[in-house]
Amino acid sequence: VATRIKYWEPDLDESSLDLSPLMNRRSPLDQCTMFEKEFAKFIGTEYAVAVGSGSAAIHLSLVACNVGPGDEVVTVPNTCTAVSDAILWAGATPVFIDIQEKDFNMDPDRLEEAITKRTKAILPVHMYGQPADLDPICEVGEKHGLIVIEDVAQSAGALYKGKRAGSAGTTGCFSFSGKNLSVLGLGGMITTNVAKIDETLRMLRHFGRRDGSSYQEVLGYRYGMSELHAMIGRRQLSKLDERNLKRREIAGMYSRTLQNSNEVVLPVEMDYARHVYCHYVVRAKRRDDLRSYLLQSGIETSCHYPIPIHTQKVYASRFGFEEGAYPITEKVAREVVSLPTRPNLRECQVETIARRILEFYASHNQ
Ligand SMILES: Cc1ncc(COP(=O)(O)O)c(C=O)c1O
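Residues numbered from 1 in each chain as written. Predicted model: local features only at pLDDT ≥ 70, side-chain atom pairs only at ≥ 80, totals over all residues. Heavy atoms only, no water.

### A short note on the side chain of Asn 105
Note on placement: Asn 105 falls in the loop between β3 (93-96) and α5 (111-114). Looking at Asn 105, its side chain comes within polar contact range of the main-chain nitrogen of Met 127, at 2.9 Å. (Helix = DSSP H or I, 4+ residues; strand = E, 2+ residues; numbered from the N terminus. Polar contact = N/O pair within 3.5 Å; in protein donor to acceptor, adjacent residues only side chain to side chain.)

### Notes on the packing of helix α9 (residues 240-258) against helix α13 (residues 347-364)
Between α9 and α13, whose axes approach to 9 Å, the crossing angle comes to 30°. As α9 packs across α13, the resulting crossing turns out to be right-handed. Contacts between α9 and α13 involve Ile 250, Met 253, Tyr 254, Thr 257 and Leu 258 on the former and, on the latter, Glu 347, Val 350, Glu 351, Ile 353, Ala 354, Ile 357 and Leu 358. For the contact of α9 with α13, the residue count by class is nine nonpolar, one polar and two charged. (Axes fitted to C-alpha atoms, helices over the stretch in contact; angles between N-to-C directions. Left-handed = near helix turned anticlockwise from the far one by under 90°. Contact = heavy atoms within 4.5 Å. Nonpolar A, V, L, I, M, F, W, Y, C, P; charged D, E, K, R; others polar.)

### Concerning empty space enclosed by the protein
Applying the stated criterion to the full structure yields four cavities of 30 Å³ or more. Lining the largest cavity we find 16 residues, and of these Asp 11, Lys 179, Asn 180, Gln 236 and Arg 247 sit closest to its centre. A total of three residues in the lining of the largest cavity trace back to one element, the largest contributor, which is α9. Of the residues in the lining of the largest cavity, the class split is six nonpolar, three polar and seven charged. (1 Å grid on protein atoms, 1.4 Å probe; cavity = no way out; pocket = protein on both sides within 12 Å on 5 of 7 lines; lining within 4 Å. Points joined across faces, edges and corners; volume = space filled by probe spheres on them.)

### With respect to the nonpolar core
If you look at the biggest cluster of nonpolar residues, it comprises 50 residues, and the most contacted ones within it are Leu 62, Val 67, Val 73, Leu 111, Ile 122 and Leu 123. When residues of this core are assigned to their parent elements, the largest contribution, six residues, is made by helix α3 (residues 54-64). Not counting residues up to four positions away in its chain, the partners in contact with Leu 62 are Val 67, Val 73, Ala 86, Ile 87, Ala 90 and Ile 149. (Core = buried A, V, L, I, M, F, W, Y, C linked by side-chain atoms within 4.5 Å. Buried < 20%, exposed > 50% of the residue type's maximum accessible area, 1.4 Å probe, protein only.)

Here's what the structure looks like:
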């Protein structure tokens, strides 16, 4: 019996499970502090603040930037509800704009028409491992005096014009849960170059107090990262570039085998971007049948995301969105399928997956 090809599985060597750094700490936050320093250096920002999840990273970024009731945040509807939920929990209103079909990312040409007197922030999401076109987005932000919060959950290590995603915005928000940098649990990070925001974020995540102080300065949360996850995160970070390279090689193998298919549209790497393929997302005809066929052959795939945010019940009922509001997002939501790119896949497994896809269409086209 062929072994099942899983979409995701932990990529850990034995040394990653050595807990001695946790037992020999000099301070209670040793691992978090070192992870933050190493992460800021890796991304190329002055500061990084470790938090408990990507959702917490977005929520705290908004609160630290004073985004709240009465404010609007422009973002995309083809992503995880964590993004728009965080905007709502901050008390603000998400305003969606449609994406570019070619790269699944925010369409900068649609930004101006979404901006009103209430707009406070733009929140581009770097989908699947590829940065959105940040220069025109930041230009519009600057013109209107808006902050830019980058969602880098799926794109740790990706480059935009040679710079790491997460270094251009007021903050960059990362998730380490089942992503290309994974801490085997929940985790997140916020990057910034603004000292005041770094200072505020540190208080917000820790009961509203400065580390070591009992005095509460602001209304706070309990949003920090555990030392255990920080320790694993540091080890994963040291291998991130190497593993992202492996993901790119896997993407190249899929693209070579599938390039002549009429049924599958392959992902495109934009000329300004270096994609890290957290997810290798194709647009496929008869997507759901294809996924079932692959699963019957023991191949797990995933789908990011089959239900656009504006058509989720919470949003449709709250804002009265109807189908057709964001046609490109709705179209790709019916077609996208994510193929495994975990770096511990074997070459023959990647070949098998690609060949099974061709087989599906060959046998279902008669
Ligand atoms: C684009 C995006 N942003 C934010 C999040 C939220 O991250 P977390 O699950 O760590 O809260 C996710 C989670 O999958 C995501 O895909």
